[in-house]
Amino acid sequence: MNILYIMFDQLRFDYLSCAGHQSLQTPHIDRLAQMGVRFTNAYTQSPVCGAARMSAYTSRYVSSHGAQWNGHPLRVGEPTLGDHLREAGMGCWLIGKTHMNVDAKGMARLGLTPDSIIGARQAECGFDVYVRDDGLWAEGPSGPYDTKRSPYNEYLKSKGYAGENPWVDFANAGKDGDFIASGWFMENADKPANIKEEDSETPWLTTQAIEFTKQATAPWCAHVSYIKPHWPYIVPAPYHDMYGPQDIQPPVRADHELQDPHPIYQAFTNGRIGQSFAQDKVRNKVIPAYMGLIKQCDDQIGRLLDHLEASGQLETTMIILTSDHGDYLGDHWMGEKDLFHAPSVKIPAIIYDPRPEADTSRGTTCDALVEAIDLTATIIAASGRDIPDHIVEGRSLLPYLRGETPQNARAFVVSEYDYSKHPVAEGLKVSPRDARMFMVADHDWKLVHCEGNMPPMLFDLKNDPQELKDLGRDPSFENARKDMYAKLHSWGLRMSQRLTISDAEIVAQRQDKGTGVMLGLYDDQDVAPDLVARYKGRIPTDTGA
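Residues numbered from 1 in each chain as written. Predicted model: local features only at pLDDT ≥ 70, side-chain atom pairs only at ≥ 80, totals over all residues. Heavy atoms only, no water.

A. Broad picture of the overall build of the protein chain. The secondary structure content of the protein chain amounts to 19 helices and 18 strands. Here the C-alpha radius of gyration of the protein chain, 26 Å, is about what a compact globule of 545 residues would show, namely 24 Å. Along the longest, intermediate and shortest principal axes, the C-alpha atoms of the protein chain span 100 × 60 × 55 Å. Going through the 545 residues of the protein chain one by one, you find that 56% of them count as buried. Nonlocal contacts in the protein chain, meaning residues at least 24 apart in sequence, comprise 71% of its contacts between residues at least 6 apart. Just so you have it, the protein chain exposes about 24,200 Å², and 51% of that area is on carbon and sulfur atoms. One way to put it: in the protein chain the 54 positive side-chain charges average out to a point 2 Å from where the 74 negative ones average out. (Helix = DSSP H or I, 4+ residues; strand = E, 2+ residues; numbered from the N terminus. Rg over C-alpha atoms; globule rule 2.2 N^0.38 Å. Buried < 20%, exposed > 50% of the residue type's maximum accessible area, 1.4 Å probe, protein only. Contact = heavy atoms within 4.5 Å. Areas by Shrake-Rupley, 256 points an atom, 1.4 Å probe, with all protein chains shown as cover. Lys, Arg positive; Asp, Glu negative; His and termini not counted. Charge placed at Lys NZ, Arg CZ, Asp CG, Glu CD.)

B. Up close: the nonpolar core. Ile-6, Phe-8 and Ile-319 are the most contacted members of the largest nonpolar core, which has 58 residues in total. Once residues lying within four places of it in the same chain are set aside, the contact partners of Ile-6 are Val-224, Tyr-226, Ile-301, Leu-304, Ile-319, Ile-320, Leu-321 and Thr-322. By size, the runner-up hydrophobic cluster in this structure holds 40 residues, among which are Leu-74, Met-100, Leu-375 and Leu-401. (Core = buried A, V, L, I, M, F, W, Y, C linked by side-chain atoms within 4.5 Å.)

C. Quick look at the packing of aromatic side chains. Evaluation of the coordinates by the stated rule reveals 20 aromatic pairs. Ring geometry for Tyr-152 versus Tyr-155: centroids 6.4 Å apart, planes at 20 degrees, classification stacked. Of this pair, Tyr-152 and Tyr-155 both sit in helix H7 (residues 151–158), three residues apart, which is roughly one turn of the helix. Given the relative accessible area of 21%, Tyr-155 is considered partly exposed. Members of the aromatic cluster, joined through ring pairs, are Tyr-15, Tyr-233, Phe-277 and Tyr-290. Its guanidinium or amino end placed over the ring of Trp-333, Arg-253 lies 4.2 Å from that ring's centre, counting from NZ or CZ. The aromatic ring of Trp-491 is capped on one face by Arg-494, whose charged end is 3.9 Å from the ring centroid. (Phe/Tyr/Trp six-rings, centres within 6.5 Å; stacked < 30°, edge-to-face > 60°. Lys NZ or Arg CZ within 6 Å of the ring centre and 35° of its normal.)

D. Examining the layout of surface pockets more closely. Its boundaries defined by the atoms lining it, the largest pocket holds a volume of some 1,200 Å³. As for the largest pocket, its lining consists of 36 residues, of which Trp-184, Trp-231, Arg-272, Ile-273 and Glu-336 are closest to the centre. Those elements giving two or more residues to the lining of the largest pocket turn out to be strand S6 (139–140), strand S7 (143–144), helix H10 (263–270), helix H11 (272–277) and helix H16 (423–428). With five residues, H11 is the single largest residue contributor to the lining of the largest pocket. Among the residues making up the lining of the largest pocket, the classes are represented as 19 nonpolar, eleven polar and six charged. Looking at the second largest pocket, its volume works out to about 580 Å³. Taken together, 26 residues make up the lining of the second largest pocket; nearest its centre are Asp-389, Val-392, Glu-393, Gly-394 and Arg-395. For the lining of the second largest pocket, the per-class residue count stands at eleven nonpolar, six polar and nine charged. (1 Å grid on protein atoms, 1.4 Å probe; cavity = no way out; pocket = protein on both sides within 12 Å on 5 of 7 lines; lining within 4 Å. Points joined across faces, edges and corners; volume = space filled by probe spheres on them. Nonpolar A, V, L, I, M, F, W, Y, C, P; charged D, E, K, R; others polar.)

E. Molecular detail of the sheet that holds strand S4 (residues 91–96). Pairing is mixed in the open sheet, where eight strands are placed in the order S5-S4-S10-S1-S11-S12-S2-S13. The sheet is open, and its two borders are formed by strand S5 (128–132) and strand S13 (364–366), each paired with just one other strand. Going from strand to strand, the sheet's axes swing by 15 degrees on average, the running direction of each strand aside. Sheet analysis places strand S2 (residues 37–39) next to S13, joined by three bridges and oriented parallel. Residue pairing across strands places Phe-39 opposite Cys-366, the latter belonging to S13. In the packing of helix H12 (residues 280–310) onto the sheet, contacts are made with strand S1 (2–8) and strand S11 (317–323), and the angle to S1 comes to roughly 170 degrees. (Pairing = 2+ DSSP bridges. Axes fitted to C-alpha atoms, helices over the stretch in contact; angles between N-to-C directions.)

F. Main features of the side chain of Asp-442. Looking at the secondary structure, you find Asp-442 in the loop between strand S16 (436–441) and strand S17 (445–450). Looking at Asp-442, its side chain comes within polar contact range of the main-chain nitrogen of Asp-444, at 2.9 Å. At 2.7 Å, the side chain of Asp-442 forms a polar contact with the backbone nitrogen of Trp-445. Among residues more than four places away in sequence, those in contact with Asp-442 are Leu-369, Ala-411, Phe-412, Leu-461, Met-484 and Lys-487. (Polar contact = N/O pair within 3.5 Å; in protein donor to acceptor, adjacent residues only side chain to side chain.)

G. Expanded view of the sheet that holds strand S15 (residues 413–418). Read from one edge of the open sheet, four strands run S15-S16-S17-S18, paired in antiparallel fashion. Because the sheet does not close on itself, it has two edges, and the strands there are S15 and strand S18 (457–460). Strand-to-strand twist in this sheet, taken as the mean axis angle between neighbours without regard to direction, amounts to 10 degrees. As judged from the six bridges shared by S15 and S16, these two strands associate in the antiparallel manner. Each residue of the ladder has a partner; that of Ser-415, found in S16, is Met-439. Sheet strands in contact with helix H17 (residues 478–492) are S15, S16, S17 and S18, and its direction is about 70 degrees off that of S17.

H. Structural context of the pattern of salt bridges. Following the criterion strictly, the structure yields 36 salt bridges and no others. For Arg-253, the salt bridge identified is with Asp-280, shortest N-O distance 3.6 Å. Placement of the pair is Arg-253 in the loop between strand S10 (220–225) and H10 and Asp-280 in helix H12, with a sequence separation of 27 residues. Where Asp-483 meets Lys-487, a salt bridge forms, and the shortest distance between an N and an O atom there is 3.0 Å. In this pair, Asp-483 and Lys-487 both sit in helix H17, four residues apart, roughly one turn of the helix. Among the residues examined, Asp-483 registers a relative accessible area of 37% and is labelled partly exposed. The buried category is assigned to Lys-487, whose relative accessible area is 17%. (Salt bridge = Lys/Arg side-chain N within 4 Å of Asp/Glu carboxyl O.)

I. How the structure looks around the side chain of Arg-53. Mapped onto the elements of the fold, Arg-53 is located in helix H2 (residues 49–58). With a relative accessible area of 0%, Arg-53 lands in the buried category.

Next comes the structure, spelled out in structure tokens:
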């Protein structure tokens, strides 16, 4: 069986028609959900791209792998999905984005070069690369945001788009007469991107994925990682005007959220992004474009599914569809991601397993608590390999696909956020080591612990499912806080760093191996004769001198 691991960037869990969106129709993703299981309580390990993806690719928590922010290198030698799958005899290929930053110092220390097979995999988050394009080719006074090669820009140049960076001038910009109407300015979000639709990023990457499946030899896992619907919020025709302000769902926010707010939450709402998305004129421009980007993504999923079906691969390919995190879009007076309300920290998660064992669960939803790292563990299990649970912290979801409840079902989920590089940390005068937050949630409660002598946040998910009332400082809810802190404490005591030896290997090594090391013996009566035979008998007369 092959495995297609699809990840979108910044796709909200509830911006799908199968998840209940009232005006956005996503029939092709809905089709996938009907073929498999849609998990309605899936959480990312961090509401920021780099950290979330490093957790997804290692199946380990952020504080376990240590790459806690965009651009933070994943340390050399950290086991990844590709490493686990290759041990099972399966190739693991990248098509699109990782946000991986190489541990150059670590590679130099070990003498690894990027042009070697091992070095290339270390530099590419464990993947073999079919095509990598992280999709952010912004430029500013200090130079480009990303200095790596852009295959997408090379493609655009080959199609006749002018300039050194057509990503800036065409793919993510509209036209204002003869001038660029940049997608960075949200007032331009309702303009069509100045590019043919078939040449824009999402169709281009889908073509790359289809070409991969045509030449690949089984068994393979392909990580198809789209940059969209991530900002800049601009989309080509005909998607740019498919939706308007009338299609926008009311914002999930309340005036009382801004009254005596938590200091960290207040700092984010007072920032430029929060202040922008608090305005209806911004939401009315951005959200229709965001919906158009999603509609384009859905159409490309339809194109990919049709290709797999026409080529006879749909019946032999497991498909997992998810996102790295969500997007506030003005909910809770915020934009972007960063904190732990549902629009930011919950993710779509759909799994289609073509095998007969999954027939009973097709077209169902599952409200079990699951994490992004569980999708990675599921891929490892689907490859036929036992999950090395001294390394992998995710848990296989295959039992849910078979209509079963796993013995190790999660009682709570955890997400982490290191905001030490964010301007908010400087404004709050929080040190880099204290600029950390930990979310723990179950079906009824969500607690956010904040380092740096900050109070916690607490939400009653049962009675306040929209998370509009922070109870973190309310003395009436001390027992709920204690209960959630106990869960966070139990998670903090997990075994997370003993990667080089498994429990089974430790148990096996408890047994006496006959190596002659015998501590605590008074004489030779308490052990088998063969264990002490070397230490009995005459002293050798030949000294070897």
